[in-house]
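As a plain string of letters, each chain reads:
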Amino acid sequence: MAKGKVTGHKHRITEGNAELYEKDSTLYLRVFSESALLAHEEHKAISIPQGDWMVKIQREYEP
């Protein structure tokens, strides 16, 4: 589970086999299963294919 720094909302894997890890101060998600489902309170779940993925923080802009 990765908790948001500002809002406290959580991203979490609800289906599949995956792990979150840090290497050289960068956060990664490793998906072991064919895919994993990433859930969040504010948007639809996202299917992530098998592999290693760099986790980046996305910010919303509201003028």
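Higher on the page you've got the structure.
So, how was this worked out
- Residues numbered from 1 in each chain as written.
- Predicted model: local features only at pLDDT ≥ 70, side-chain atom pairs only at ≥ 80, totals over all residues.
- Heavy atoms only, no water.
- Helix = DSSP H or I, 4+ residues; strand = E, 2+ residues; numbered from the N terminus.
- Buried < 20%, exposed > 50% of the residue type's maximum accessible area, 1.4 Å probe, protein only.
- Contact = heavy atoms within 4.5 Å.
- Pairing = 2+ DSSP bridges.
- Patch = residues over 30% accessible without salt bridge, like charges linked within 9 Å, V, L, I, M, F, W, Y side chains within 5 Å.
- Areas by Shrake-Rupley, 256 points an atom, 1.4 Å probe, with all protein chains shown as cover.
- Salt bridge = Lys/Arg side-chain N within 4 Å of Asp/Glu carboxyl O.
- Lys, Arg positive; Asp, Glu negative; His and termini not counted.
- Charge placed at Lys NZ, Arg CZ, Asp CG, Glu CD.

(A) Up close: the overall build of the chain. Along its length, the chain carries 0 helices and 5 strands. Traced from its N-terminal end to its C-terminal end, the chain shows the element sequence β-β-β-β-β. Evaluated residue by residue, the chain yields a buried proportion of 11% over its 63 residues. For the chain, long-range pairs separated by at least 24 residues make up 30% of all intrachain contacts whose partners lie at least 6 apart in sequence.

(B) Fine view of unusual backbone geometry. One non-glycine residue with positive phi stands out, namely D24, at about 50 degrees. Here D24 shows up in the loop between β3 (18–23) and β4 (26–40). Judged by its relative accessible area of 70%, D24 is exposed. Although it is not a glycine, S25 adopts a positive phi angle of roughly 65 degrees.

(C) Highlighting the pairing of β3. Pairing of β3 with β4, which is carried by 6 bridges, proceeds in the antiparallel orientation. Bridge pairing in β4 places E19 opposite R30.

(D) Looking closely at a negative patch on the surface. A contiguous patch of negative charge on the surface is contributed by E41, E42, E60 and E62. Within the element layout of this structure, E60 appears in the segment after β5 (43–54). Among the residues examined, E60 registers a relative accessible area of 68% and is labelled exposed.

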